[in-house]
Amino acid sequence: MARIGVEESLTAVQQQLQENGHEVITLRQEQDTNGCDCCVVSGQDQNVMGMQDTAIQGSVISAQGLNANDVCQQVEQRLQQQQ
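This report concerns the structure included in the present document. (Residues numbered from 1 in each chain as written. Predicted model: local features only at pLDDT ≥ 70, side-chain atom pairs only at ≥ 80, totals over all residues. Heavy atoms only, no water.)

**Brief notes about the packing of helix 1 (residues 11-19) against helix 2 (residues 68-82)**
For any two helices packed against each other, the geometry comes down to the angle between their axes and how far apart the axes lie.
Step number 1: Interhelical geometry of helix 1 versus helix 2 gives an angle of 50° and a closest axis separation of 9 Å. The orientation of helix 1 relative to helix 2 falls into the category oblique. Crossing angle aside, the handedness with which helix 1 passes helix 2 is right-handed. Touching Ala12, Val13, Gln16 and Leu17 of helix 1 are Ala68, Asn69, Val71, Cys72 and Val75, all from helix 2.
Step number 2: Split by residue class, the contact of helix 1 with helix 2 holds seven nonpolar, two polar and no charged. (Axes fitted to C-alpha atoms, helices over the stretch in contact; angles between N-to-C directions. Helix = DSSP H or I, 4+ residues; strand = E, 2+ residues; numbered from the N terminus. Parallel < 35°, antiparallel > 145°, perpendicular 65-115°, else oblique. Left-handed = near helix turned anticlockwise from the far one by under 90°. Contact = heavy atoms within 4.5 Å. Nonpolar A, V, L, I, M, F, W, Y, C, P; charged D, E, K, R; others polar.)

**Focus on the pattern of salt bridges**
Step number 1: Tallied over the entire structure, the rule returns two salt bridges.
Step number 2: Salt-bridge contacts for Glu23 lead to Arg3; the nearest nitrogen and oxygen are separated by 3.8 Å. Of this pair, Glu23 sits in strand 2 (residues 23-27) while Arg3 sits in strand 1 (residues 3-7); the two residues are 20 residues apart in sequence, bridging distant segments of the chain.
Step number 3: Assessed through its relative accessible area of 28%, Arg3 is described here as partly exposed.
Step number 4: In this structure, Glu8 engages Arg28 in a salt bridge whose closest nitrogen and oxygen atoms are separated by 3.3 Å. In this pair, Glu8 is assigned in the loop between strand 1 and helix 1 and Arg28 in the loop between strand 2 and strand 3 (38-41), connecting sequence segments 20 residues apart. (Salt bridge = Lys/Arg side-chain N within 4 Å of Asp/Glu carboxyl O. Buried < 20%, exposed > 50% of the residue type's maximum accessible area, 1.4 Å probe, protein only.)

**Examining the sheet that holds strand 3**
Step number 1: Taken together, four strands build an open sheet; the order of strands is 2-1-3-4 and the sheet is parallel. The outermost strands of the open sheet, each flanked by one partner alone, are strand 2 and strand 4 (59-62). Averaged over all pairs of adjacent strands, the angle between their axes in this sheet comes to 25°, without regard to strand direction.
Step number 2: Pairing analysis gives four bridges linking strand 3 to strand 4, with the strands arranged parallel. For Val41, the partnering residue across the bridge sits in strand 4 and is Ser62.
Step number 3: Running at roughly 165° to strand 1, helix 1 makes contact with strand 1, strand 2 and strand 3 of the sheet.
Step number 4: Across the sheet, helix 2 is in contact with strand 1, strand 3 and strand 4; its angle to strand 4 comes to roughly 165°. (Pairing = 2+ DSSP bridges.)

And the structure:
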């Protein structure tokens, strides 16, 4: 299955992705995204300056306002689109 980076605070999402057979990497720093097919972030940290640096080639999914099931569905959809 895919290698998914998940922000540390999203434990329910991490658990569900692992149950679905994905390799889950806890995102603590930028280097943790290396080799990830997709990343899930909480959406809590907003870039006030409006500047963004891309650290991953795959999709980035914001979990803000979503439950673990919704996030996992989005992950599956994005992974299918990448193929």
